[in-house]
Amino acid sequence: TGSSQLTESEKTVGQSPAVDLELPAKEQTRPEAKKDDSKQPEDDAEFSSPLMRLLQQEHRQQDSMQEPKPRSGLLFEISSDDGFQISSNSIEEAWKSLTDKVQEARSNARLKQLSFAGVNALKMLGIIHDAVVFLVEQLYGANRCRRYKFRFHHPAGEEEPPLNPHGSARAEVYHRKSTFDMFNFLASKHRQPPEYKPNEEDEEEVQLKSVRRATSMDLPMPMRFRHLKKTSKEAVGVYRSPIHGRGLFCKRTIDAGEMVIEYSGNVIRSTLTDKREKYYDGKGIGCYMFRIDDSEVVDATMHGNAARFINHSCEPNCYSRVIPIDGQKHIVIFAMRKIYRGEELTYDYKFPIEDASNKLACNCGTKKCRKFLN
């Protein structure tokens, strides 16, 4: 008759949560623990009070906070066709796991153990190779490596490309960054000059001394000059010089007064020297010229030989001399003293003295160095 009255079943449903809050947790789980201990966690979750549920959630959150977070970075994987696979965040650990497996396999097969002393994982796996570094520096997220010094690429955002006034890079004037030098390969560190031997003469030197060089000293000047064409390439060579760039070095012992090499090239009028020098400077090409007299100059820039690489020295071991052969003047380099194998050939450029603003520094390093070429 009254809507406020509840049935007995509704009272039971409404009172059940209150009963769960008042009952202790031990009394709820004790009967089930006696029956089967393996079902205890499920029964706890089913009959536990809301307070116990909150405590369990807090414990789970604490456990999840204590778990190590995955490291961000590169993942190195090594795998083979036979099913072997290693994955690690450290390349050293991956390489050590690989070497350990190799040693284990060799010991099982009763083979001799290999020595991995001095073997670097970065080098063996090619990580430090220029081609690999070129690709790794372009990976996504490489700009986050603040302590890394980029070799081939720069992170985006630090350097913006310059604006092209004409709208395209091809429409702009190209400025060469460095002076063009077609003889850079001669100064390579891989081309080592002959070993310097001041007091030793091998059997070949003794034989050539009587057959070739002694005869050339006794012959007239024109015959000695023709003989020089055949022997100059065997006597000297161009290598990296400590004085400046490239230099001419002695490949066999040369006696005093012997012809070393001719300074060859195109013979031009002296009035054209300034014009050609400006042309070479505009192209970024090094200029090599040698004056014969007041009216003629030898231009060895484009059509010269190894003599153009002879460096200046304030205490030289060679000297230059103009000799007439068949009605033409030639510049020949003579040995001032005995020059041993492996020694660099030098002579005095004898530049005219100029003002302090146009001085050229001298790098010969001798005791009598004048500090300047001019």
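Conventions adopted
Residues numbered from 1 in each chain as written. Predicted model: local features only at pLDDT ≥ 70, side-chain atom pairs only at ≥ 80, totals over all residues. Heavy atoms only, no water. Helix = DSSP H or I, 4+ residues; strand = E, 2+ residues; numbered from the N terminus. Buried < 20%, exposed > 50% of the residue type's maximum accessible area, 1.4 Å probe, protein only. Contact = heavy atoms within 4.5 Å. Areas by Shrake-Rupley, 256 points an atom, 1.4 Å probe, with all protein chains shown as cover. Phe/Tyr/Trp six-rings, centres within 6.5 Å; stacked < 30°, edge-to-face > 60°. Salt bridge = Lys/Arg side-chain N within 4 Å of Asp/Glu carboxyl O. Pairing = 2+ DSSP bridges. Axes fitted to C-alpha atoms, helices over the stretch in contact; angles between N-to-C directions. UniProt positions renumbered as here; feature names shortened; annotations may be inferred. Core = buried A, V, L, I, M, F, W, Y, C linked by side-chain atoms within 4.5 Å. Patch = residues over 30% accessible without salt bridge, like charges linked within 9 Å, V, L, I, M, F, W, Y side chains within 5 Å. Disulfide = S-S within 2.5 Å.

An unreviewed UniProt entry lists the chain under the name Histone-lysine N-methyltransferase 2A, with Staurois parvus given as the organism.

Caption draft 1: Geometry of the overall build of the chain. The helix and strand tally for the chain stands at 10 helices and 12 strands. Buried positions account for 27% of the 374 residues belonging to the chain. Contacts in the chain between residues at least 24 apart in sequence constitute 57% of all its contacts with a sequence separation of at least 6. Split by element, the accessible area of the chain, about 27900 Å² in all, is 52% carbon and sulfur.

Caption draft 2: Looking closely at the packing of aromatic side chains. Counted under the stated rule, the structure contains 11 aromatic pairs. With centroids separated by 6.1 Å and ring planes inclined at 75°, the aromatic side chains of Tyr239 and Phe249 adopt a geometry described as edge-to-face. On the criterion of sequence distance, the pair formed by Tyr239 in strand β3 (residues 236-240) and Phe249 in strand β4 (residues 246-250) is long-range, its members being 10 residues apart. Taken as a pair, Tyr239 and Phe249 share a single burial class, namely buried. Each ring, one from Tyr349 and one from Phe351, has its centre 5.4 Å from the other, and the planes form 45°; the classification is tilted. For Tyr349, a relative accessible area of 26% gives the class partly exposed. Under the relative-accessibility criterion, Phe351 is labelled partly exposed at 37%. Aromatic ring contacts, followed pair by pair, group Tyr263, Phe290, Tyr347, Tyr349 and Phe351 into a single cluster.

Caption draft 3: Main features of the pattern of salt bridges. On inspection of all chains with the given rule, the structure shows 7 salt bridges. Between Glu258 and Arg252 there is a salt bridge, with the nearest N and O atoms lying 3.3 Å from each other. Of the residues examined, Glu258 reaches a relative accessible area of 5% and is grouped as buried. Note that Glu343 is salt-bridged to Arg337, the shortest N-O span being 2.4 Å. Residue Arg337 is classed as partly exposed on the basis of its relative accessible area of 36%.

Caption draft 4: Up close: the sheet that holds strand β5 (residues 259-263). The antiparallel open sheet is built from 3 strands, whose spatial order is β5-β11-β10. The open sheet has two free edges, formed respectively by β5 and β10 (318-325), since each of these has just one partner strand. Between one strand and the next, the sheet's axes are offset by a mean angle of 35°, whatever the strand orientation. Relative to strand β11 (residues 328-335), β10 is paired through 8 bridges, and the arrangement is antiparallel. Looking at β11, one finds that Val322 is bridged to Ile331. On the sheet, helix α9 (residues 221-235) packs against β5, β10 and β11 and is oriented at approximately 85° with respect to β5.

Caption draft 5: Region of the structure containing the UniProt feature "domain: Post-SET" (unreviewed entry) in the chain. Annotation from UniProt places "domain: Post-SET" (unreviewed entry) at residues 358-374. As a span, residues 358-374 carries 0% helix and 0% strand, and end to end its C-alpha atoms are 8 Å apart.

Caption draft 6: Main features of the nonpolar core. If you look at the biggest cluster of nonpolar residues, it comprises 26 residues, and the most contacted ones within it are Val260, Ile261, Tyr263 and Leu345. Those elements that place two or more of their residues in this core are β3, β4, β5 and β11. Once residues lying within four places of it in the same chain are set aside, the contact partners of Leu345 are Val236, Leu248, Cys250, Val260, Ile310, Asn311, Asn317, Cys318 and Ile339. Counting 8 residues, the second-largest nonpolar core is a separate cluster that includes Ile78, Ala94, Leu98 and Ala121.

Caption draft 7: View of a nonpolar patch on the surface. Residues Leu74, Val136 and Leu139 make up a contiguous nonpolar surface patch of about 250 Å² in total accessible area. By the secondary structure assignment, Leu139 is in the loop between α7 (130-136) and α8 (203-218).

Caption draft 8: Spatial organisation of the state of the cysteines. Under the definition given, this model contains 0 disulfides. Cys364 forms no disulfide, and the closest cysteine sulfur to it belongs to Cys362, at a distance of 3.4 Å.

Caption draft 9: Representation of the sheet that holds strand β6 (residues 266-269). Pairing is antiparallel across the open sheet formed by 3 strands, whose spatial order is β6-β8-β7. Looking at the sheet topology across the chains shown, the edges are occupied by β6 and β7 (289-291). The mean inter-strand angle of the sheet, taken between neighbouring strand axes irrespective of direction, is 30°. Helix-sheet contacts for helix α10 (residues 273-283) involve β6, β7 and β8 (296-299), and the interaxial angle to β7 is about 165°.

Caption draft 10: Region of the structure containing the environment of Ala300. Summarising the element assignment, Ala300 is placed in the loop between β8 and β9 (311-312). Owing to a relative accessible area of 1%, Ala300 belongs among the buried residues under this scheme. The contact partners of Ala300, leaving out residues within four places of it in the chain, are Tyr263, Ser264, Gly265, Tyr288 and Arg308.

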